[in-house]
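Spelled out from the first residue to the last, the chains are:
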Amino acid sequence: MRMTTKKAGLVLGICCVALFLALLAGCGGGQSGKTVKIALQAPITGDYAYEGQMAKQSVEVAAELINKAGGLLGKQVEILIVDDASNPKDSALAAQKAVSQKAAAVIGSYGSSVTEPAADIYEKNKIVSVGYGCTAVRLTMDRERKYFFRTCGRDDAQGLFFGKYAVETMGAKRIAIMHDNSTFAKGVADEAMKALEPYVAQGKTEVVYFDAVTPKEKDFSAAVTKLRETKPDVWYFTGYYPEAGLLIRQARDAGLDCPFIGGNAAINDDFVKIAGLDVAAGALMTQEPLVTDVTTDIASQFKALYAEKFKELPSSPWPVYAADALYAIAGAIDKAGKLDSDAIAEAMRGRMEGVQGVTGALLFTDRGDRRDVPYKMYKVDPEGKLVVAGL
Amino acid sequence: MFFDKGRKVSTFIEQLVNGLTVGSFYALVALGYSMVYGVMKLINFAHGDLFALGAYLGYSLLTGATGKITASMGLWGGMAFTAFLVALSVALAGVLVERIAYRPVYPSGRLSLVVSALGMAIFIQNAVMAIWGSRPRAFPASVVPSLRFSLFGIPVTLLQVTILGISFALMLAIWLIVEKSSFGAAVRAAALDRETATLLGIDVRKVIFFVFALGPGLGGVAGLMNGLYYRAISFNMGWNYGLKAFTATILGGIGNIPGAMLGGLILGVVESLLAGYVSGAWKDVFVFILLIAILIFRPRGLLGEKTAEKV
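Nothing here was measured: the structure is a model prediction, and the numbers come from that model. (Residues numbered from 1 in each chain as written. Chains lettered and ligands numbered in written order. Predicted model: local features only at pLDDT ≥ 70, side-chain atom pairs only at ≥ 80, totals over all residues.)

Trainee: Where do I start with the overall build of chain B in this structure?
Mentor: Assigned secondary structure in chain B consists of 12 helices and four strands. In terms of overall dimensions, chain B is globule-like: its C-alpha atoms have a radius of gyration of 20 Å, near the 19 Å expected for 311 residues. Among the 311 residues that make up chain B, the fraction classed as buried is 48%. Taking the intrachain contacts of chain B between residues at least 6 apart in sequence as the baseline, contacts between residues at least 24 apart amount to 77%. (Helix = DSSP H or I, 4+ residues; strand = E, 2+ residues; numbered from the N terminus. Rg over C-alpha atoms; globule rule 2.2 N^0.38 Å. Buried ≥ 20, exposed ≤ 12 C-beta atoms within 10 Å, placed from the backbone. Contact = placed C-beta atoms within 7 Å.)

Trainee: Is there a simple way to explain the overall build of chain A in this structure?
Mentor: The number of helices and strands found in chain A is 14 helices and 14 strands. Once the C-alpha set of chain A is aligned to its principal axes, its extents read approximately 100 × 35 × 35 Å. Residues counted as buried form 52% of the 391 residues belonging to chain A. A separation threshold of at least 6 residues defines the contact pool for chain A, and within that pool the share at least 24 residues apart is 71%.

Trainee: Explain unusual backbone geometry here, please?
Mentor: Apart from glycine, the bulk of residues carry a negative phi angle, and the bulk of peptide bonds sit in the trans form. All names here are of chain A. The step from glycine 108 to serine 109 runs through a cis peptide bond, and the omega angle for that step is 5°. Summarising the element assignment, serine 109 is placed in the loop between strand 3 (105-107) and helix 4 (112-124). We note that lysine 102 has phi near 60°; this positive angle belongs to a residue other than glycine. A positive phi angle, close to 70°, is found at asparagine 181, a residue other than glycine. With respect to the element layout, asparagine 181 can be found in the loop between strand 6 (174-179) and helix 7 (183-201). Note on asparagine 181: 16 C-beta atoms within 10 Å, which makes it partly exposed.

Trainee: Which parts of the structure should I look at to understand helix 6 (residues 158-180) of chain B?
Mentor: Since there are 3.6 residues in each turn of an α-helix, residues three or four apart along the chain are aligned in direction. Residue and element names in this part refer to chain B. Across its 23 residues, helix 6 extends 32 Å between first and last C-alpha, which sits within 8% of the 33 Å expected from 1.5 Å per residue. Along helix 6, the positions that sit buried rather than exposed are Gln160, Ile163, Ser167, Leu170, Met171, Ile174 and Val178. On its buried face, helix 6 sits against helix 1 (9-40), strand 3 (154-157), helix 7 (182-192), helix 9 (204-230) and helix 11 (257-277). (Expected span 1.5 Å × (residues − 1).)

Trainee: Which parts of the structure should I look at to understand the interface of chain A and chain B?
Mentor: Accessible area lost upon the coming together of the parts is a frequently used measure of interface size. Taken together, the contacts link 29 residues of chain A with 30 residues of chain B. Among the secondary structure elements, those contributing two or more residues to the side of chain A that touches chain B are helix 2 (49-68), strand 7 (206-212), helix 8 (221-229), helix 9 (241-253) and helix 10 (269-275) of chain A. Here the element with the most residues in the side of chain A that touches chain B is helix 8 of chain A; it accounts for six residues. Residues that form the side of chain A that touches chain B fall into these classes: 11 nonpolar, eight polar and 10 charged. (Nonpolar A, V, L, I, M, F, W, Y, C, P; charged D, E, K, R; others polar.)

Trainee: Can you help me understand the sheet that holds strand 1 (residues 35-42) of chain A in this one?
Mentor: In a beta sheet, neighbouring strands are held together by backbone hydrogen bonds and run either parallel or antiparallel to one another. Residue and element names in this part refer to chain A. Pairing is parallel across the open sheet formed by five strands, whose spatial order is 2-1-3-4-5. If you trace the sheet from one side to the other, it starts and ends with strand 2 (76-83) and strand 5 (148-150), each paired once. Ignoring which end each strand starts from, the neighbouring axes of this sheet average 25° apart. Both strand 1 and strand 3 contribute to a ladder of three bridges, which runs parallel. From the neighbouring strand, alanine 39 faces strand 3, where its bridge partner is valine 106. Its contacts with the sheet put helix 4 on strand 1, strand 3, strand 4 (128-131) and strand 5, and the angle it makes with strand 4 is roughly 160°. Sheet contacts for helix 14 (residues 341-350): strand 3, strand 4 and strand 5; angle to strand 4, the most-contacted strand, approximately 40°. (Pairing = 2+ DSSP bridges. Axes fitted to C-alpha atoms, helices over the stretch in contact; angles between N-to-C directions.)

Trainee: Explain the environment of Ile257(B) to me, please; I cannot follow it from the model alone.
Mentor: Residue and element names in this part refer to chain B. Looking at the element boundaries, isoleucine 257 is found in helix 11. Of the residues examined, isoleucine 257 has 26 C-beta atoms within 10 Å and is grouped as buried. Residues isoleucine 257 and tryptophan 132, 125 residues apart in the sequence, show an inter-C-alpha distance of 33 Å.

Trainee: What's the story with the domain arrangement of chain A in this structure? I'm lost.
Mentor: Residues and elements named next belong to chain A. For chain A, the assigned domains read domain 1 (35-153 + 293-361) and domain 2 (156-287). Computed over C-alpha atoms, the centres of domain 1 and domain 2 are 30 Å apart. Listed per partner, the contact involves 10 residues of domain 1 and 10 residues of domain 2. Among the residues making up the side of domain 1 that touches domain 2, the classes are represented as three nonpolar, seven polar and no charged. (Domains from an automatic or database assignment.)

Trainee: Looking at this structure, I do not really get the nonpolar core. What am I missing?
Mentor: The nonpolar side chains of a soluble globular protein tend to be buried, and buried together. Ranked by size, the top nonpolar core spans 214 residues in total, and within it Ile107(A), Ala322(A), Leu326(A) and Ile329(A) carry the most contacts. Top element by residues in this core is helix 1 of chain B. It accounts for 15 residues. Taken together, domain 1 (35-153 + 293-361) and domain 2 (156-287) of chain A each give at least three residues to this core, which thus spans both. The residues contacting Ile107(A), other than those within four sequence positions of it, are Ile38(A), Ala39(A), Leu40(A), Gln41(A), Val59(A), Val130(A), Tyr132(A), Ala322(A), Ala325(A), Leu326(A) and Ile329(A). (Core = buried A, V, L, I, M, F, W, Y, C linked by C-beta atoms within 7 Å.)

Trainee: Where do I start with helix 1 of chain B in this structure?
Mentor: In a regular helix each residue adds 1.5 Å, so 32 residues correspond to 46 Å; helix 1 of chain B covers 45 Å between its end C-alpha atoms and thus fits that length. For helix 1 of chain B, a buried count of 25 out of 32 residues is recorded, marking the element as mostly surrounded by other parts of the structure.

Trainee: Looking at this structure, I do not really get the pairing of strand 7 of chain A. What am I missing?
Mentor: Both faces of the sheet carry side chains from a regular strand, because those side chains alternate between them. All names here are of chain A. Two strands pair when backbone bridges link them, and strand 6 and strand 7 are joined in this way by six bridges, in the parallel orientation. Residue pairing across strands places isoleucine 177 opposite phenylalanine 210, the latter belonging to strand 7. Read as a crossover between parallel neighbours, the route from strand 6 over helix 7 to strand 7 is right-handed. (Right-handed = clockwise from strand over helix to strand, strands pointing away.)

Trainee: Can you help me understand the packing of helix 1 of chain B against helix 11 of chain B in this one?
Mentor: Pairs of packed helices are described in terms of their axes, by the angle between the two and the distance that separates them. Residues and elements named next belong to chain B. Where helix 1 contacts helix 11, the axes come no closer than 6 Å and their chain directions differ by 145°. Where helix 1 crosses over helix 11, the handedness of that crossing is right-handed. Its residues assigned to classes, the contact of helix 1 with helix 11 comprises 16 nonpolar, 11 polar and one charged. (Left-handed = near helix turned anticlockwise from the far one by under 90°.)

Trainee: Help me understand the environment of Phe183(B), please; the structure alone is not making it clear to me.
Mentor: Residues and elements named next belong to chain B. Structurally, phenylalanine 183 can be placed in helix 7. A count of 14 C-beta atoms within 10 Å places phenylalanine 183 in the partly exposed class. Once the C-alpha coordinates of phenylalanine 183 and arginine 194 are considered, the two residues, 11 residues apart in sequence, prove to be 15 Å apart. For phenylalanine 183, the contacting residues outside a window of four places in its chain are Ile177 and Phe210.

Trainee: What am I meant to see in the environment of Cys152(A) here?
Mentor: Residues and elements named next belong to chain A. Note on placement: cysteine 152 falls in the loop between strand 5 and helix 6 (155-169). For cysteine 152, a count of 27 C-beta atoms within 10 Å translates into the label buried. Sequence separation of cysteine 152 and tryptophan 318 is 166 residues, and the distance between their C-alpha atoms is 7.8 Å. For cysteine 152, the contacting residues outside a window of four places in its chain are Gly131, Tyr132, Gly133, Thr135, Glu288, Tyr321 and Val373.

Trainee: I tried to follow the confidence of the model for chain B on my own but got confused; where do I start?
Mentor: Residues shown with low pLDDT carry predicted positions that ought not to be read at fine detail. All names here are of chain B. Mean pLDDT over chain B: 85, with 93% of residues reaching 70 or higher. At the level of individual helices and strands, chain B shows its lowest average pLDDT in strand 2 (residues 148-151), which scores 72, and its highest in helix 2 (residues 47-62), which scores 93. Here residues 1-6 scores under 50 on pLDDT; set against residues more than four positions off or in separate chains, the count is three contacts. The ipTM for the predicted assembly is 0.71, set against a pTM of 0.72. (pLDDT = per-residue confidence, 0-100.)

This is the structure we're talking about:
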């Protein structure tokens with residue numbers, strides 16, 4: 001009897017250990033079940049809720065297209081939404097939530113200063129994250145992150161594009177640059193300034209104004225009156241659309257008539273509404289191409305399904321980069337053949353040939369930046385729609 | 001840095017007018033803070049968000065189905081009707097805020113009141129976001145014709161002149177009510193010493209009702225004018241104006257009604273001159289240095305809170 005009890009105890013003990021190990025393995029593997037969980041971290045509420053909502057819709061459309069084509073590794077893609085409210089503090093919480101829900105990879109986020117704390121958390125937890133609207137140079141250049149990538153371009157590319165266009169295409173002799181002190185806007189403004197340095201050295205142009213306005217304010221009349229006194233040929237504002245709309249209208253009211261060029265967050269249909277069509281028409285914008293001007297195969301499928309589900313296509317370029325982040329993750333998982341973060345990151349860096357997204361080929365540098373992001377100069381036409389102005 | 005060579009005097013005057021327009025918004029909102037503080041010794045943090053509520057109510061009245069009704073009354077008639085309805089509804093909201101969030105916690109002390117006020121501010125802001133959405137709304141261009149003209153060589157808009165006119169008229173009216181009418185005397189008495197005022201037969205409850213209707217009513221109209229002037233409104237606009245108006249209140253002397261008006265106008269002009277002649281990026285830094293300096297050298301503000309002589 002004694003022996004058998006002991007034996008029974010031993011068997012029970014072994015069972016327990018085995019069960020424990022099995023549980024551990026289950027946890028380590030993360031993704032058990034029938035779906036592949038990919039998280040989208042975006043500003044679903046907060047100041048840029050509109051952008052976040054469009055990103056959510058775009059990712060849902062991309063996920064549906066991927067699932068229709070057979071899913072990922074034979075499983076369906078499931079999108080988890082975590083909301084960072086476009087706020088660095090909430091961003092860390094959102095990232096923790098995505099980690100605790102065992103996302104295989106993360107898309108996000110929109111703003112650079114919001115993405116930074118989240119990227120650190122994903123890095124620590126060894127989860128691949130792919131930013132879609134965060135364009136600050138420092139995200140990839142100040143610090144080496146193994147698991148961070150982005151599908152959007154960098155501020156220096158946009159600043160360089162502006163400098164070249166303003167001097168060589170428009171022939172501007174007096175350039176005004178205005179930002180709003182946010183990481184993003186100041187980044188683009190600084191890069192534009194850097195891009196102009198060689199032209200200034202050659203005496204081809206000069207920067208007559210470089211200052212910031214305070215975001216969320218409504219009255220910029222003092223700033224635009226000062227700006228008018230510097231008599232600029234062209235005025236580049238690198239901040240966001242609520243301020244851009246107010247600025248251009250107050251500038252026109254104060255009698256400043258020079259061409260207005262917005263950075264890629266300055267112009268969308270709300271900009272046109274706030275500024276008023278009479279004032280907004282003719283405003284220019286440096287930006288990655290809008291989805292309406294992209295003609296890849298995936299883009300046409302994406303546009304068709306998006307229009308069917310949500311009627312209007314995304315009015316800013318960023319949501320599409322969120323969809324492309326999902327295509328990049330899906331492509332890398334497919335190439336890696338498993339849901340292991342190291343294998344996914346390795347595939348993202350070197351084995352993405354043939355992986356296509358809405359905006360074209362999805363290739364990344366060793367630092368995680370996307371290769372060959374195109375820029376275009378857009379213009380608000382007399383009906384208030386954005387059309388390609390050139391280059 | 002001020003008055004560089006080549007800067008025209010007209011630009012300076014233009015910056016002054018710019019500053020006065022912003023300042024008159026600050027002043028109208030500051031009045032509400034100051035009146036409530038005078039009587040309740042409470043900083044009504046929800047006041048800035050009542051200002052935003054006024055802007056949104058005005059937006060709803062001037063657009064969509066109700067927009068047709070207001071448009072049928074003509075420009076001035078429609079505006080007056082809208083302003084009246086906005087003032088009435090925001091005044092009602094102000095009274096409700098007092099009933100729901102302040103009166104029940106009044107006996108438990110000032111800390112509870114402040115927390116309750118902060119909670120109310122968050123509640124109103126999020127309610128506005130839930131009802132009207134998180135995207136900024138734009139007043140349609142058709143509502144307000146933009147008439148530009150030159151006044152002594154300074155480019156101004158008809159709207160700017162009208163807003164300045166209405167703001168000053170409202171401020172004058174409040175000043176007259178508080179300083180000259182018998183009800184104003186009751187308000188001032190309640191502000192000086194609530195208990196003694198009660199002993200003297202002043203119905204302090206009525207006084208509180210009055211300040212919580214009048215302050216938010218004014219704030220609501222200011223919100224409407226703000227929306228019409230800048231055409232863009234956002235659910236979180238109240239925070240910024242609330243903060244600046246609160247600064248203006250302290251600048252002029254909290255609890256002092258002419259002080260609130262003066263503080264608002266000074267703040268607007270200083271901001272505008274700093275952005276115009278120094279640097280837009282450093283504007284708020286200097287504004288708050290000014291505030292701290294005033295608090296150090298004149299702790300009761302420019303005009304000073306009226307204090308009773310204790311004999």
